[in-house]
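Spelled out from the first residue to the last, the chains are:
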Amino acid sequence: MLVVKYQRRIERLLARMVRDVDLIDDIAQETFIRAYRALPTFRGESAFYTWLYRIAVNTAKKALIGLQKDPLLTEAALSSSSDDDDDAPRVEQTLTDGETPESVLASRQIAETVNAAIEALSDDLRQAITLREIEGLSYEEISEMMNCPIGTVRSRIFRAREAIATKLRPLLDTKQGERW
């Protein structure tokens, strides 16, 4: 029941950390195995998801360190680097009401810029902004998960937002001091 309840959230978290779709399922599975084995040590001092989240982050970090020592190319990595357009994922070609090709292109550019800006953030900033903006967690929950004071969480989220805003300003024609 716990796997069914938390699998999607853990996989979304891991997708932000790992970026290789072939590894996400393996790391998620390893996370749940580790959590199952460590279940007797869960003291209930924090929310279950907070505890599971820490296990997932540590499992992902361990897997990434292992890949740095022994890099391997997965099928997803190989196919994403190929120049063959037939294998590339396709964006829906039909436009919905009110959309123009220009607006679709602008939306795609903004999304790519935001993703690139998030990728460029340090691990702590990326983790904080992901938990707040994508997972929708409160500052208190993030503080508990990241094991740092709320002030640090607020600072990390602010710095992450500023870094993202800096990258978006040219696309959105906003001035310094304005976000969007």
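1. Observations concerning the packing of helix α1 (residues 2-18) against helix α2 (residues 21-38)
Here is step 1 of the chain: At their nearest, the axes of α1 and α2 sit 9 Å apart, and the two run at 130 degrees to each other. When the axes of α1 and α2 are compared, the pair comes out oblique. When you trace α1 past α2, the crossing you get is right-handed. From α1, L2, V3, Y6, Q7, I10, E11, L14, A15 and V18 reach across to α2, where they touch L23, I24, D25, I27, A28, T31 and F32.
Here is step 2 of the chain: Residue classes in the contact of α1 with α2 are distributed as twelve nonpolar, two polar and two charged.

2. Concerning the confidence of the model for the chain
Interpretation of the predicted coordinates at a detailed level should be avoided for regions scoring low in pLDDT.
Here is step 1 of the chain: Confidence along the chain averages 79 in pLDDT terms, with 78% of residues attaining 70 or more.
Here is step 2 of the chain: In the model, residues 73-93 has pLDDT below 50 throughout and makes nine contacts with residues more than four positions away in sequence or in other chains.

3. Here we look at α2
Here is step 1 of the chain: In this model, α2 (18 residues) spans 26 Å end to end at C-alpha, consistent with the 26 Å of a helix rising 1.5 Å per residue.
Here is step 2 of the chain: Here α2 has its buried residues at L23, I24, I27, A28, T31, F32 and A35. Around the axis of α2, the buried residues are gathered within 170 degrees of arc, so they sit on the same side. Set apart from the buried face of α2 by more than 90 degrees, the exposed residues are Y36 and R37.

4. Examining the packing of helix α7 (residues 139-146) against helix α8 (residues 150-172)
Here is step 1 of the chain: Viewed as axis vectors pointing N to C, α7 and α8 meet at an angle of 100 degrees, and their least axial separation amounts to 9 Å. In terms of orientation, α7 and α8 fall into the roughly perpendicular class. Contacts between α7 and α8 involve Y139, E140, I142, S143 and M146 on the former and, on the latter, I150, V153, R154, R156, I157 and R161.
Here is step 2 of the chain: Here the contact of α7 with α8 is composed, by residue class, of six nonpolar, one polar and four charged.

5. Considerations on the layout of surface pockets
Here is step 1 of the chain: Approximately 220 Å³ is the volume attributed to the largest pocket.
Here is step 2 of the chain: What lines the largest pocket is a set of twelve residues, among which M17, K61, L64, D123 and R126 lie closest to the centre.
Here is step 3 of the chain: Those elements that place two or more of their residues in the lining of the largest pocket are α1, α3 (48-69) and α6 (123-134).
Here is step 4 of the chain: In terms of residues, the lining of the largest pocket owes the most to one element, α3, which gives five residues.
Here is step 5 of the chain: Tallied by class, the residues present in the lining of the largest pocket amount to five nonpolar, three polar and four charged.
Here is step 6 of the chain: By volume, the second largest pocket amounts to about 180 Å³.

6. Remarks on the side chain of E135
Here is step 1 of the chain: Topologically, E135 is positioned in the loop between α6 and α7.
Here is step 2 of the chain: Polar contacts involving the side chain of E135 include one to the side chain of R9, which spans 3.5 Å.
Here is step 3 of the chain: Aside from chain neighbours lying at most four places away, what touches E135 is R9, R12, L13, Y49 and T130.

Thresholds applied
- Residue positions are given per chain, counted from 1 along the sequence in the order it is written.
- For this predicted model, a pLDDT threshold of at least 70 governs which residues receive local features, and a threshold of 80 or more governs which side-chain atom pairs are given and counted, while totals over whole chains, interfaces and linings are taken from all residues.
- Here the side-chain values reflect all heavy atoms present in the structure, with hydrogen atoms and water set aside.
- Axes here refer to lines fitted to C-alpha atoms; in helices the fit is confined to the stretch in contact. Angles between the N-to-C directions go from 0 to 180 degrees.
- For the purposes of this entry, the term helix denotes a DSSP run of H or I that reaches at least four residues, the term strand denotes a run of E that reaches at least two, and both are numbered from the N terminus.
- Angular relationships are summarised with four words: roughly parallel below 35 degrees, roughly antiparallel beyond 145, roughly perpendicular across 65 to 115, and oblique for the angles in between.
- In this scheme the handedness of a crossing depends on how the near helix is turned from the far one: anticlockwise by less than a right angle means left-handed, clockwise means right-handed.
- It only takes one pair of heavy atoms within 4.5 Å for two residues to be counted as in contact.
- Each residue is assigned to one class: nonpolar for Ala, Val, Leu, Ile, Met, Phe, Trp, Tyr, Cys and Pro, charged for Asp, Glu, Lys and Arg, and polar for all the others, Gly among them.
- pLDDT is a residue-level measure of predictor confidence that goes from 0 to 100.
- Any helix carries an expected span of 1.5 Å times its number of residues minus one.
- Buried, partly exposed and exposed residues are distinguished by accessible area as a fraction of the type maximum, computed with a 1.4 Å probe on protein chains only: under 20%, between the cut-offs, and over 50%, respectively.
- Picture the helix axis, draw a direction to every C-beta atom, and the arc is the one those directions span.
- Definitions used throughout: a 1 Å grid over protein atoms alone; a cavity as a set of points that fits a 1.4 Å probe which cannot get out; a pocket as an open set with protein on both sides within 12 Å along at least five of seven lines; a lining residue as one with an atom within 4 Å of a point.
- Grid points are joined across faces, edges and corners, and a volume is the space filled by probe spheres set on the points.
- Whenever a nitrogen or oxygen atom comes within 3.5 Å of another N or O atom, the pair is scored as a polar contact, on the condition that within protein one atom can donate a hydrogen and the other can accept it, and that pairs from neighbouring residues in sequence are kept only if both atoms are in side chains.

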